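Chain residues, written in single-letter form:
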Amino acid sequence: MAERITMKDLARMAGTSLSTVSRSLNDNPAISRQTRDHIKGLAERYGFDFNMSAKSLATKKNSTVGLIFPESLDNPDNFSFAGMLLRNVRAVLEEVALDTLISFSRNHYTGESNIQRLLGQGKVDGLLLVQPHFEPGDFEAIRSSGVPYVLLHFLPEALPLNEVNYVYVDHVLGGKLATEHLIEQGARSILCITERERQFKERTEGYRLAHRERALPLYEHLIHSCDASFEDGYRTIMENSRNLKDIDAVFAQADITGLGALAAFREIGVRVPEDILLVGYDDIRMAAITYPSLTTVHQPQQELVRKACKRLVEMLHGAERTPPYQETLEPWLVYRATAPAARN
């Protein structure tokens, strides 16, 4: 072949998964001898050069990364966001022949820590932690285990952030971008629908900052905290329906909340964007295909995952772990119908 063959090419030719290719090349007995011989034959025939450091990792360890979700993502409103994150993690890790073990922080039935159980049983070689907070003992168990980890998407408020590995998004900037856009479109009374977790507090700080920088009055009664859900977005608008004549824009700090607000506006006959502007946050798939399409702040999730996985793989291959790896990415605004770049 003219181009260098990859494990993905071998998987396609053999009609198997990347994981099966990796295990076959490592002569893992869990794969049948016939399959191992077939894949090794393809590798030899097409001149595949199996990366020796990856081979060393795979033969000495499980080649498994634990992706630990929080309980807050175990509900239908968050399936879209969790699905996008999982798809991006899978794409990166399978490319380097690492398996993904998906779990939540606690056992739903026993209440016991899944994190401590996985570590104690030696089931994972590294951890991607999507956790807004840790239960007592969980993070200490991670540190004492020596298993490399990267915090992804969330930054728990109780952790000493100068000591941990993370890839995060600048949510103060994201909140500021959303609010600035609404202000630039003429909005002066902006309903802010937020939540209680750290990232939402930072988005609200961006909302406040945009007002301060323009010396505009900030109305505290317009900041409403609720769950990031379709139902709460809908409910917040319906509860404020009598005051909508005094509101010219809404900043919903999660797209799913914005979609609930949009449904409420539709029900009570308020036109978006003609009567009121609306901006969401996250840029989930539904934001682009709903009607009218939702202007939103895009979280660079693909880059977020790629950087976190890259650093985790480096640590799995023996890279220095100090100083801790810390990177904050910038979000950007995606202009759609609910708050277009220019109003007619």
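Let us look at the structure shown here. (Residues numbered from 1 in each chain as written. Predicted model: local features only at pLDDT ≥ 70, side-chain atom pairs only at ≥ 80, totals over all residues. Heavy atoms only, no water.)

### Brief notes about the sheet that holds strand S9 (residues 277-282)
Step number 1: Strands sit in the order S7-S6-S8-S9-S10-S12 across an open sheet of 6 strands; the sheet is mixed. One side of each edge strand has no neighbouring strand; the edge strands of this open sheet are strand S7 (223-225) and strand S12 (332-334). When the angles between neighbouring strand axes are averaged without regard to direction, this sheet yields 20°.
Step number 2: Here strand S6 (residues 190-194) pairs with S7 via 3 bridges, running parallel. When the bridges of S7 are listed, Thr194 appears paired with Ser225.
Step number 3: Sheet contacts for helix H8 (residues 171-184): S6, strand S8 (249-252), S9, strand S10 (295-298) and S12; angle to S9, the most-contacted strand, approximately 165°.
Step number 4: Packing against the sheet, helix H11 (residues 255-268) makes contact with S6, S8, S9 and S10, and its axis sits at approximately 155° to S9. (Pairing = 2+ DSSP bridges. Helix = DSSP H or I, 4+ residues; strand = E, 2+ residues; numbered from the N terminus. Axes fitted to C-alpha atoms, helices over the stretch in contact; angles between N-to-C directions. Contact = heavy atoms within 4.5 Å.)

### Describing the packing of helix H1 (residues 7-14) against helix H3 (residues 33-45)
Step number 1: One way to put it is that H1 packs onto H3 with a least axis distance of 10 Å and a crossing angle of 125°. When the axes of H1 and H3 are compared, the pair comes out oblique. Crossing geometry of H1 relative to H3 is assigned as right-handed. Contacts between H1 and H3 pair Leu10, Met13 and Ala14 from the former with His38, Ile39, Leu42 and Ala43 from the latter.
Step number 2: In terms of residue class, the contact of H1 with H3 is made up of 6 nonpolar, 1 polar and no charged. (Parallel < 35°, antiparallel > 145°, perpendicular 65-115°, else oblique. Left-handed = near helix turned anticlockwise from the far one by under 90°. Nonpolar A, V, L, I, M, F, W, Y, C, P; charged D, E, K, R; others polar.)

### Observations regarding unusual backbone geometry
Step number 1: In this chain, Val272 is followed by Pro273 through a cis amide linkage whose omega measures 10°.
Step number 2: With an omega of -10°, the peptide bond between Tyr291 and Pro292 qualifies as cis.
Step number 3: Turning to its location among the elements, Pro292 is positioned in the loop between helix H12 (285-289) and S10.
Step number 4: The backbone phi angle of His153 is positive, close to 80°, even though this residue is not glycine.

### Details of H1
Step number 1: Along H1, the positions that sit buried rather than exposed are Met7, Asp9, Leu10, Ala11 and Ala14.
Step number 2: Looking one or two places after H1, you find Gly15, whose phi comes out positive at around 70°. (Buried < 20%, exposed > 50% of the residue type's maximum accessible area, 1.4 Å probe, protein only.)

### A few points about the environment of Lys123
Step number 1: Looking at the element boundaries, Lys123 is found in the loop between helix H6 (114-120) and strand S3 (126-129).
Step number 2: Separated by 58 residues in sequence, Lys123 and Val65 place their C-alpha atoms 8.7 Å apart.
Step number 3: Of the polar contacts made by the side chain of Lys123, one reaches the side chain of Gln121; its length is 3.2 Å. (Polar contact = N/O pair within 3.5 Å; in protein donor to acceptor, adjacent residues only side chain to side chain.)

### Considerations on the pairing of S10
Each regular strand carries side chains that alternate between the two faces of the sheet.
Step number 1: Pairing of S9 with S10, which is carried by 4 bridges, proceeds in the parallel orientation. When the sheet's bridge partners are listed, Asp282 is paired in S10 with His298.
Step number 2: The sheet contact formed by S10 and S12 spans 3 bridges and is antiparallel. The partner of His298 across the bridge, within S12, is Trp332.

### Regarding the side chain of Thr204
Step number 1: Checked against the element boundaries, Thr204 lands in helix H9 (residues 198-213).
Step number 2: Since its relative accessible area comes to 8%, Thr204 is described here as buried.
Step number 3: The residues contacting Thr204, other than those within four sequence positions of it, are Cys192, Thr194, Ile223 and Gln253.

### Here's the deal with the pattern of salt bridges
Opposite charge on two side chains permits pairing when their charged atoms draw close.
Step number 1: Enumeration over the complete set of coordinates arrives at 24 salt bridges.
Step number 2: Salt-bridge contacts for Arg214 lead to Glu180; the nearest nitrogen and oxygen are separated by 3.4 Å. A residue pair is termed long-range when its members are at least 10 positions apart, and Arg214 in the loop between H9 and S7 and Glu180 in helix H8 qualify at 34 residues.
Step number 3: The exposure class assigned to Glu180 is buried, which follows from its relative accessible area of 12%. (Salt bridge = Lys/Arg side-chain N within 4 Å of Asp/Glu carboxyl O.)

### Notes on the packing of helix H10 (residues 230-239) against H11
Think of two packed helices as two axes; the pair is described by the angle between the axes and how far apart they sit.
Step number 1: Axis separation between H10 and H11 bottoms out at 6 Å; the angle between their running directions is 45°. Viewed along their axes, H10 and H11 adopt a mutual orientation that is oblique. Regarding H10 and H11, the two cross each other, and that crossing is right-handed. For the pair H10 and H11, contact is made by Phe230, Gly233, Tyr234, Ile237 and Met238 and by Ile256, Thr257, Leu259, Gly260, Ala261, Ala263, Ala264, Phe265, Glu267 and Ile268, respectively.
Step number 2: When its residues are assigned to classes, the contact of H10 with H11 shows 11 nonpolar, 3 polar and 1 charged.

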